[in-house]
Amino acid sequence: KPIKGRITVSGYEGSELLVARLLVESGAEVPYVGTACPRTAMSDPDREWLEARGTHIQYRASLEQDIAAVEEYRPDLAIGTTPVVQHAKSKAL
């Protein structure tokens, strides 16, 4: 079954773009991906694929940027670090 809903993805482990791509391929809308990692040639194919589908990628994202994305995009689900998820829960998302 396809995933229906808007999801933001953030984190620091380096798998954020891959997770976002899998979500989009499964039908989800992913308007924002924040990663603490730098942009690399290895992640460029996923970045290009996601950006072509309207996803904003924020490399070296700060907690403030990730929280601002939750505020801006009002996702149905926020996947990320504990502070980002706590913020989303406080907004009843």
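Look up a bit, the structure's there.
Residues numbered from 1 in each chain as written. Predicted model: local features only at pLDDT ≥ 70, side-chain atom pairs only at ≥ 80, totals over all residues. Heavy atoms only, no water.

*Asks:* What is the right way to read the pattern of salt bridges from this model?
*Replies:* Under the criterion given, the structure shown has eight salt bridges. When the shortest N-O distance is used, the salt bridge between R47 and D44 registers 3.2 Å. Of the two residues, R47 and D44 are both situated in helix α2 (residues 44-51); the distance of three residues between them amounts to about one turn of the helix. With a shortest N-O distance of 3.6 Å, K91 and E71 are connected by a salt bridge. Of the two residues, K91 is situated in the segment after α4 (82-90) and E71 in helix α3 (residues 63-73); the sequence distance between them amounts to 20 residues. Residue K91 is classed as partly exposed on the basis of its relative accessible area, which comes to 36%. Given a relative accessible area of 32%, E71 falls into the partly exposed group. Salt bridges sharing partners connect three or more residues here, namely R39, D44, R47, E48 and E51. (Salt bridge = Lys/Arg side-chain N within 4 Å of Asp/Glu carboxyl O. Helix = DSSP H or I, 4+ residues; strand = E, 2+ residues; numbered from the N terminus. Buried < 20%, exposed > 50% of the residue type's maximum accessible area, 1.4 Å probe, protein only.)

*Asks:* Could you clarify how one ought to interpret the packing of aromatic side chains in this entry?
*Replies:* Where two aromatic rings form a pair, the distance of their centres and the angle of their planes describe that pair. Evaluated as defined, the whole model comprises one aromatic pair. The ring of W49 has R53 lying over it, and the distance from NZ or CZ to the ring centre is 3.7 Å. (Phe/Tyr/Trp six-rings, centres within 6.5 Å; stacked < 30°, edge-to-face > 60°. Lys NZ or Arg CZ within 6 Å of the ring centre and 35° of its normal.)

*Asks:* Just to check I follow, could you spell out the layout of surface pockets for this structure?
*Replies:* Think of a ball as big as a water molecule: rolled over the atoms, this probe shows where empty space is left. Volume-wise, the largest pocket comes out at about 200 Å³. Taken together, 13 residues form the lining of the largest pocket, with G14, L17, T40, M42 and S43 sitting closest to its centre. Here the lining of the largest pocket takes three residues from helix α1 (residues 16-25), the largest share from any one element. Of the residues in the lining of the largest pocket, the class split is six nonpolar, five polar and two charged. (1 Å grid on protein atoms, 1.4 Å probe; cavity = no way out; pocket = protein on both sides within 12 Å on 5 of 7 lines; lining within 4 Å. Points joined across faces, edges and corners; volume = space filled by probe spheres on them. Nonpolar A, V, L, I, M, F, W, Y, C, P; charged D, E, K, R; others polar.)

*Asks:* Honestly, the pairing of strand β2 (residues 29-35) in this entry has me stumped. Any pointers?
*Replies:* Two faces, one strand: in a regular strand the side chains alternate between the faces of the sheet. Most of β2 sits inside the fold, with six of its seven residues counted as buried. Sheet topology note: the strand β1 (residues 6-11)/β2 ladder contains five bridges and is parallel. Of the residues in β2, the one forming a bridge with G11 is T35. In this fold, the crossover linking β1 to β2 by way of α1 has right-handed handedness. Traced from β2 through α2 to strand β3 (residues 56-59), the parallel crossover comes out right-handed. (Pairing = 2+ DSSP bridges. Right-handed = clockwise from strand over helix to strand, strands pointing away.)

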